[in-house]
Amino acid sequence: MTILVLAEHDNATLKLDTAKVVSAACAIGGDVHVLVVGHQCSAVAQSAQTLQGVSQVLVADNSVYEAHLAENISTLLVDLAPNYSHILAAASSFGKDAMPRVAALLDVAQLSEVIAIVNADTFVRPIYAGNALATVQSHDAIKVMTVRASAFDATAVGNNAALTTLDKVFEAKTQFVSQSLTVSARPELGNAGIIVSGGRGMGSGENFGMLEQLADKLGAAVGASRAAVDAGFVPNDLQVGQTGKIVAPNLYIAVGISGAIQHLAGMKDAKVIVAINKDPEAPIFQVADYGLEADLFDAVPELIASLG
């Protein structure tokens, strides 16, 4: 039994989610290979080689893969698929783009958002916005899966896996035009140890400046509920929840967030949850480890001041 993990990266740095997916792959058992697809991505391949549990790193380095288009990456994965029993990727935008195409081309059922491994063909995944967990079994010869990275710890480093270069090139019919990147000095939301999130109670986008000050004091990332995003307070790349990013930081501070089920689905696995809300009946208090019933416009500035 051999498992293939699709690495996620920006052609320069390996994303932490890949190390977490490798942990899931190791829990399945068997040899674990990592596929690095990109352009001028040798540094990424070297990082993948250090991941514990990985026996081989496959590298497809070509200019046609520079933009990480799902169309040609999925074709490459399908070409490699007969050599593997499982193909895994993180349940990120990248993984959710590529893996359904792989599953469709292989004519198998995709297993999405896996959060636990029972055995090689049985897995646990959340349903109904995380309010129930389904244990599912797949009899497909090749199991195509996306893994919720927040449910697994990153595998350790210190390995020296073998490196194999692939010369297969699959050009896509689509063409990469451009992308707009949000540059921030704060940690990436999906990998942050501390997250400060705001909801509709913030009142406006300008008021999110308070949360940014608090985040800077704590070395935290800034997030938001869907209500705040829909209201135009902040861009949607900050959204935490069922239709946003799924996070599991060490500390999650929810400010002015009522706690709709869709939001809870994205952050309830945080180690410690702190809620600040003036409504004592807000659902967020039901999942919070610490709750402060107070006006956020009084509480947040006081908290910032106390942090010095």
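Up top you'll find the structure we're talking about.
Residues numbered from 1 in each chain as written. Predicted model: local features only at pLDDT ≥ 70, side-chain atom pairs only at ≥ 80, totals over all residues. Heavy atoms only, no water.

A.B. asks: Please provide a residue-by-residue account of the packing of aromatic side chains, values included.
C.D. replies: The full count for this structure, using the stated rule, is one aromatic pair. Centre to centre, the rings of F208 and F233 are 6.5 Å apart; their planes meet at 55°, and the pair counts as tilted. In this pair, F208 sits in helix α5 (residues 208-218) while F233 sits in the loop between α6 (226-230) and β13 (251-255), placing the two residues 25 residues apart along the sequence. Judged by relative accessible area, which is 18%, F233 ranks as buried. (Phe/Tyr/Trp six-rings, centres within 6.5 Å; stacked < 30°, edge-to-face > 60°. Helix = DSSP H or I, 4+ residues; strand = E, 2+ residues; numbered from the N terminus. Buried < 20%, exposed > 50% of the residue type's maximum accessible area, 1.4 Å probe, protein only.)

A.B. asks: Please give an account of the sheet that holds strand β6 (residues 116-119) that cites residues and values.
C.D. replies: Read across the open sheet, the three strands follow the order β6-β7-β8; overall the sheet is antiparallel. In this open sheet, the two strands that pair with only one neighbour each are β6 and β8 (132-137). Taken pair by pair, the neighbouring strands of this sheet meet at an average axis angle of 30°, ignoring direction. Looking at chain direction, β6 and strand β7 (residues 122-127) are connected through three bridges and run antiparallel. The residue of β7 that forms the bridge with N119 is T122. (Pairing = 2+ DSSP bridges. Axes fitted to C-alpha atoms, helices over the stretch in contact; angles between N-to-C directions.)

A.B. asks: Describe unusual backbone geometry, and please don't skip the residues or the numbers.
C.D. replies: Positive phi values are uncommon outside glycine, yet H68 reaches one of about 55°. Considering the arrangement of structural elements, one finds H68 in the loop between β3 (54-61) and α3 (70-80). On the accessibility criterion, H68 (16% relative accessible area) is buried. In the Ramachandran plot, E113 falls in the positive-phi region, its phi being about 55° despite a non-glycine side chain.

A.B. asks: Explain the pattern of salt bridges to me, using residue names and the numbers behind them.
C.D. replies: Taken as a whole and judged by the stated rule, the model has six salt bridges. Note that D79 is salt-bridged to K168, the shortest N-O span being 2.6 Å. With a gap of 89 residues between them, D79 in helix α3 and K168 in the loop between β10 (162-165) and β11 (194-198) connect regions that are remote in the sequence. D79 gets classed as partly exposed once you look at its relative accessible area, which sits at 32%. Residue D97 pairs with R101 through a salt bridge whose shortest N-O separation is 3.7 Å. Placement of the pair is D97 and R101 together in helix α4 (residues 93-106), with a separation of four residues, close to one helical turn. Given the relative accessible area of 38%, D97 is considered partly exposed. Within this structure, E71, D97 and R101 form a network of salt bridges that share partners. (Salt bridge = Lys/Arg side-chain N within 4 Å of Asp/Glu carboxyl O.)

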